[in-house]
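Observations on the three-dimensional arrangement
Spelled out, the chains give:
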Amino acid sequence: MRKFIALMAMCLAVGNGFAQDANQLRDEGDAALNAKDYATALTKYGEYLKLNEYKDTVRIYNAGFAANQAKNYAEAAKYFDMSVKNNYNVEASYVGEAMAYRNLNNTEEFLKTAKDALNAIPEGDNNRTNIEKLVYAYCIKQGQTAQKSGDLATAEKLFNEVLIVSNKTYQGNALYSLGTMFYNNGAKILQAATPVATTDPDKYKAEKAKADEDFKKAKDYLTKALEVNPNDANSKKILDATNTVLAQ
């Protein structure tokens, strides 16, 4: 009986020791976060949460915040995803997770997170506004990079991703980017084909058909841009030019 009591006492002591260690790590993480020592905060929270079995929803979110601030974006994405699944501070957690994937240049996960966020966060919420800004800035930038490299298919896909947001200005700018991209590419094809218009009419005809396909795409996107923003003078200007070329 004495041995059993002694064993029970030892187990309780060990358990209390683990609890004290966990609480100390938690408190050290909090102190580091308050001091803006984000790398230390992330380390302390990580150790604490392992001992805590990831039950502390507040510190999971704090770990995500600290990780983003410490530029450890993979850890930030992990913790913010946990925070979303825990249904804790969901709106801000989505923003943090999206920022982390943006900084990791992980387009697939960034867009998935953004779409989930837009489905979950109501209109008028500042966090939704932040998600829309992130989508617009990321997709336009990446789309322009793809366009400059000649990858129009990827650029088209990225510019189109902006259309998931509700902000009309963002939508209109994306549609204008699409319209001008295809107008410029059609003009480039047509310009290259012009010298053979008389010497090789069949080749010119084939190239003009390719150019016209781009001009038709440009017309479609620019028409949609004007539906979104009727006073967009730039879209109207390029649309008029597109219609002139298609009429020839």
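Residues numbered from 1 in each chain as written. Predicted model: local features only at pLDDT ≥ 70, side-chain atom pairs only at ≥ 80, totals over all residues. Heavy atoms only, no water.

Looking now at unusual backbone geometry. The phi torsion at K71 lies on the positive side, around 65°, for a residue other than glycine. Here K71 is to be found in the loop between α3 (57–69) and α4 (73–85). Unlike most non-glycine residues, N89 shows phi in positive territory, near 45°. Residue position: N89 is located in the loop between α4 and α5 (90–103). (Helix = DSSP H or I, 4+ residues; strand = E, 2+ residues; numbered from the N terminus.)

This brings us to the packing of aromatic side chains. Overall, the coordinates contain seven aromatic pairs when judged by the stated rule. Geometrically, the ring pair formed by Y38 and F65 is edge-to-face, given 5.9 Å between the ring centres and 75° between the ring planes. Here Y38, found in helix α2 (residues 38–52), pairs with F65, found in helix α3; they are 27 residues apart in sequence, far enough to count as distant. Classification of F65 as partly exposed rests on a relative accessible area of 33%. Seen in terms of ring centroids, F182 and Y221 are 6.1 Å apart; in terms of plane orientation they differ by 15°. Their pairing is stacked. Of the two residues, F182 sits in helix α9 (residues 168–193) while Y221 sits in helix α10 (residues 201–228), which places them 39 residues apart along the sequence. (Phe/Tyr/Trp six-rings, centres within 6.5 Å; stacked < 30°, edge-to-face > 60°. Buried < 20%, exposed > 50% of the residue type's maximum accessible area, 1.4 Å probe, protein only.)

Bringing the pattern of salt bridges into the picture now. Where charged atoms from two side chains of opposite charge come close, those side chains can pair. For the structure on display, the rule yields 18 salt bridges. Residue K55 pairs with E53 through a salt bridge whose shortest N-O separation is 3.4 Å. The same class applies to K55 and to E53, which are both exposed. Between K210 and E207 there is a salt bridge, with its nearest N and O atoms 3.1 Å apart. (Salt bridge = Lys/Arg side-chain N within 4 Å of Asp/Glu carboxyl O.)

By the element assignment, E156 lies in helix α8 (residues 152–161). Given a relative accessible area of 16%, E156 falls into the buried group. Setting aside chain neighbours within four positions, we find E156 in contact with L178, M181, F182, K217 and Y221. (Contact = heavy atoms within 4.5 Å.)

With that settled, the discussion passes to α10. Owing to its 3.6 residues per turn, the α-helix brings residues three or four apart onto one side. Taking 1.5 Å as the rise per residue, α10 with 28 residues should run 40 Å; its terminal C-alpha atoms sit 40 Å apart, in good agreement. Among the residues of α10, those classed as buried are K208, A211, D212, D214, F215, A218, Y221, L222, A225 and L226. Elements in contact with the buried residues of α10: α8, α9 and α11 (233–247). (Expected span 1.5 Å × (residues − 1).)

Here we take up the confidence of the model for the protein. Residues with a pLDDT of 70 or more make up 92% of the protein, whose mean pLDDT is 93. Counting interchain partners and residues more than four positions distant, the pLDDT-below-50 stretch residues 4–15 has zero contacts. (pLDDT = per-residue confidence, 0-100.)

The next subject is the packing of α5 against helix α7 (residues 126–148). Contact geometry of α5 with α7 gives a least axis separation of 9 Å together with a crossing angle of 15°. By the angle class used here, α5 and α7 are roughly parallel. Regarding α5 and α7, the two cross each other, and that crossing is left-handed. Here E91, A92, Y94, V95, A98, M99 and R102 of α5 lie close against α7, whose contacting residues are N127, N130, I131, L134 and Y138. Tallied by class, residues from the contact of α5 with α7 come to eight nonpolar, two polar and two charged. (Axes fitted to C-alpha atoms, helices over the stretch in contact; angles between N-to-C directions. Parallel < 35°, antiparallel > 145°, perpendicular 65-115°, else oblique. Left-handed = near helix turned anticlockwise from the far one by under 90°. Nonpolar A, V, L, I, M, F, W, Y, C, P; charged D, E, K, R; others polar.)

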